[in-house]
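Commentary on secondary and tertiary structure
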Protein chains: 2
Amino acid sequence: MSLIVLGTVALDHVKTPSGTKKDMLGGSAAHFAMSARLFTDVHLAAVVGRDFPLKHLNFLKAKGIDCSAVVISKEKTFRWRGEYKKEDLNTAVTLATELGALQHYVPELREHQRHLPNVFLANIDPDLQIQLLKHVKSPRLIGLDSMNLWIAHKQKSLRHLMKMVHLFVANDAEARSLSGENNLIMAARRLRAMGPRMIVIKKGEHGVLFYSDKVMFSFPAYPVEKVIDPTGAGDTFAGGLMGYLSRSEKLDEKTLRRACAYATTVASFNVQGFGVARTASLSLREVEGRMKELARFFALT
Amino acid sequence: MSLIVLGTVALDHVKTPSGTKKDMLGGSAAHFAMSARLFTDVHLAAVVGRDFPLKHLNFLKAKGIDCSAVVISKEKTFRWRGEYKKEDLNTAVTLATELGALQHYVPELREHQRHLPNVFLANIDPDLQIQLLKHVKSPRLIGLDSMNLWIAHKQKSLRHLMKMVHLFVANDAEARSLSGENNLIMAARRLRAMGPRMIVIKKGEHGVLFYSDKVMFSFPAYPVEKVIDPTGAGDTFAGGLMGYLSRSEKLDEKTLRRACAYATTVASFNVQGFGVARTASLSLREVEGRMKELARFFALT
């Protein structure tokens, strides 16, 4: 079943210990879509500027991503410039952000997209996330991601939104900050009380914690020794999670466990290349091969 | 097969969000022994002062721990005073340390203990750890723990010691600091190159990473919602690990995985009470019950 993703499509300028790349295709929705496309049809809702390279747009389309709800604005494409230091490859240091076209973006959907059953609100201003939901008729599953910026500056909108979604994805720092709880299980419980019935906490190299009223579980991440560029790992994770859930009929425990295993595995590929370089060339077969390794990695005997 | 542990026996004064306890039985070897006794005979090598309450000593003996290599010094018992803040229950803030009898301690073993096959050097000055090893004839398995203090101030002795041991246990911060590597797998690889053929990295609430030339695996920790006092969790972990390995004939992959699962599970009990309160009353049956829950917690389907 098809999946709509709203989020950013950006031009990224990234420096890591492995090198520097300019004008890369990036943004939360681009990373998400590149991962979710492995599992289901993906419809991208985003804005780019006139400066956005046609090759990037054609690349997204060539990967089977429906770009009919991508708005091309007169303003410039959202740009992000960041660096990861050798001492802490998990934390991006943001050097510059140019919002450009994002500032006046009003999310849209084509008529044929309004009835699609699955929606993911990738990281973008929560007011835009709320606007997108107004276009969607009777969704089956709505997922939400956010970030520290919105937790700090738009928490009222974010809290309102949390009452409207089924699944909330956050990294450990965001979960702690939004819930005010340091213990991640307590944090998950508080987030659940804010609305979403499924809470998924991404713990980076430590994997994932899933929490709902009936089911709680955790996996370690697939062990990657050489991280090239962690940008978009969280979005890639969310893409695998929502992609797998979108194509599953039931949302039972088995499905949720497999969805989280797919999610953490796809994310482990993402960090092995710059931008979407590794996930763009990825096949489901490769993901499933690595999932077998992952299962072996944390088998008890 | 019996197990010797060298380490500290202390009087702890601990403040956590759950309360304050004074003059508690503590120290690396006490926590270790209280966990390892569940699996095998434990022989404790340590020093205490004349001020050490007889009830603590009798308590250790009543738990089946051989205290014949516990030296009673004229000086005072080692004391540690620390606090854990609500915001970060994983990190102890040390308020005071009184070395007392530790300053002039020379580790000893009784004649009948020199041929025991398994040895664990719990956290204590690495020069004392080296001295203890001189008393041991043809050990089968030697494990080692240390801490940031010795990594900073006695790294030469610690590095020398690492060439003499089979198994090295460290928490994630210590592993990163000693190896100079942020990625934990790379850190484990560097630590392995320093000598020990088995590296076990304790990741607190994130569980454990095991690394050797042939085997690598990881488990999340059993999810504890209400942490009462984390003091000694790492020593309790090491006690479970070494205790299980000591009673196992082979050190094959299956044994190592089960040993780490026991270790992380016993540690999860330790944090649910002050000092050794919870582990002292623990039975192997309770541990195995929780291990089943743990296996379910991270099952893929």
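We now turn to the structure provided with this report. (Residues numbered from 1 in each chain as written. Chains lettered and ligands numbered in written order. Predicted model: local features only at pLDDT ≥ 70, side-chain atom pairs only at ≥ 80, totals over all residues. Heavy atoms only, no water.)

This part covers the relation of the copies chain A and chain B. Superposition of the two copies of the chain requires a rotation about an axis together with a shift along that axis. Superposing chain A onto chain B requires a rotation of 180° together with a translation of 0.0 Å along the rotation axis, leaving an RMSD of 0.0 Å. What we have between these two chains is a two-fold relation. A high fraction, 100%, of the interface residues of chain A reappear at the interface in chain B, so the copies pair face to face through one surface. (Least-squares fit on C-alpha atoms with pLDDT ≥ 70 in both. Contact = heavy atoms within 4.5 Å.)

What follows covers the packing of helix 3 (residues 126–134) of chain A against helix 5 (residues 155–162) of chain A. All names here are of chain A. Viewed as axis vectors pointing N to C, helix 3 and helix 5 meet at an angle of 30°, and their least axial separation amounts to 8 Å. What the angle tells us is that helix 3 and helix 5 run roughly parallel. Read as a crossing pair, helix 3 and helix 5 show a hand that is left-handed. Facing helix 3, whose interface residues are P126, D127, Q129, I130 and L133, helix 5 presents S157, L158, H160 and L161. When its residues are assigned to classes, the contact of helix 3 with helix 5 shows 5 nonpolar, 3 polar and 1 charged. (Axes fitted to C-alpha atoms, helices over the stretch in contact; angles between N-to-C directions. Helix = DSSP H or I, 4+ residues; strand = E, 2+ residues; numbered from the N terminus. Parallel < 35°, antiparallel > 145°, perpendicular 65-115°, else oblique. Left-handed = near helix turned anticlockwise from the far one by under 90°. Nonpolar A, V, L, I, M, F, W, Y, C, P; charged D, E, K, R; others polar.)

Turning our attention to the interface of chain A and chain B. Of the residues lining the interface, 36 residues belong to chain A; the matching set on chain B comes to 36 residues. For the pair chain A and chain B, the two sides together bury roughly 3200 Å², of which 52% comes from carbon and sulfur. Contact with chain B buries area across many residues of chain A, yet E225, F297 and L300 of chain A alone supply 23% of it, more than any other trio. Counting across the interface, chain A meets chain B through 6 salt bridges. Salt-bridge contacts for R176 of chain A lead to E205 of chain B; the nearest nitrogen and oxygen are separated by 2.7 Å. (Buried area = accessible area lost by both parts, 1.4 Å probe. Salt bridge = Lys/Arg side-chain N within 4 Å of Asp/Glu carboxyl O.)

Residue and element names in this part refer to chain B. With mixed pairing, 4 strands are arranged side by side in an open sheet as 3-2-6-7. Both edges of this open sheet fall to strand 3 (19–26) and strand 7 (88–98), since each of them pairs with a single strand only. Taken pair by pair, the neighbouring strands of this sheet meet at an average axis angle of 20°, ignoring direction. Sheet topology places strand 6 (residues 79–85) next to strand 7; 7 bridges connect them, and they run antiparallel. Considered in strand 7, the bridge of G82 is made with T94. Its contacts with the sheet put helix 2 (residues 54–62) on strand 2 (10–16) and strand 3, and the angle it makes with strand 3 is roughly 65°. (Pairing = 2+ DSSP bridges.)

Turning to the packing of aromatic side chains, a few remarks are in order. Throughout the structure, instances matching the rule amount to 15 aromatic pairs over all chains. Aromatic pair F32 of chain B and F120 of chain B: ring centres 4.6 Å apart, planes at 5°, arrangement stacked. With F32 of chain B in helix 1 (residues 28–36) and F120 of chain B in strand 8 (residues 118–121), this pair connects stretches of sequence that are 88 residues apart. As far as the burial class goes, F32 of chain B and F120 of chain B line up, both buried. Ring geometry for F217 of chain B and F219 of chain B: centres 5.4 Å apart, planes at 35°, overall tilted. The pair F217 of chain B / F219 of chain B is uniform in exposure class, with both members buried. In this structure an aromatic cluster arises from ring pairing among F210, F217, F219 and F298 of chain A together with F210, F217, F219 and F298 of chain B. One residue, R290 of chain A, lies across the ring of F269 of chain A, its end atom 3.7 Å from the ring centre. (Phe/Tyr/Trp six-rings, centres within 6.5 Å; stacked < 30°, edge-to-face > 60°. Buried < 20%, exposed > 50% of the residue type's maximum accessible area, 1.4 Å probe, protein only. Lys NZ or Arg CZ within 6 Å of the ring centre and 35° of its normal.)

The next subject is the nonpolar core. Nonpolar side chains in soluble globular proteins tend to be buried together. L44, L121 and L241 of chain A together with L44, L121 and L241 of chain B are the most contacted members of the largest nonpolar core, which totals 224 residues. With residues near it in sequence (within four places) discarded, L121 of chain A still touches L6, Q129, L132, L133, I142, G143, L144, D145, L161 and V165 of chain A. (Core = buried A, V, L, I, M, F, W, Y, C linked by side-chain atoms within 4.5 Å.)

Residue and element names in this part refer to chain A. Taken in spatial order, the 4 strands make up an open sheet running 3-2-6-7, and their pairing is mixed. Strands at the two margins of the open sheet, each flanked by one partner only, are strand 3 (19–26) and strand 7 (88–98). Adjacent strand axes in the sheet meet at a mean angle of 20° when their direction is disregarded. Across the sheet, helix 2 (residues 54–62) is in contact with strand 2 (10–16) and strand 3; its angle to strand 3 comes to roughly 65°.

Take the pattern of salt bridges next. Side chains bearing opposite charge may pair, as long as their charged atoms lie close to each other. All names here are of chain B. Scanning the model with the defined rule gives 32 salt bridges over all chains in all. One salt bridge connects R79 with D51, and the closest N-O pair in it is separated by 3.8 Å. Of this pair, R79 sits in strand 6 while D51 sits in the loop between strand 4 (42–49) and helix 2, placing them 28 residues apart in sequence. D51 sits in the partly exposed class, given a relative accessible area of 28%. R110 serves as the salt-bridge partner of E108, at 3.5 Å between the closest nitrogen and oxygen. Judged by relative accessible area, which is 34%, E108 ranks as partly exposed. Taking the relative accessible area as the measure of exposure, R110 reaches 31% and is therefore partly exposed.

This paragraph deals with unusual backbone geometry. Of note in this structure, D23 of chain A is not a glycine but carries a positive phi near 50°. Mapping D23 of chain A onto the fold places it in strand 3. Phi angles above zero are rare outside glycine, and S138 of chain B is one such case at about 40°.

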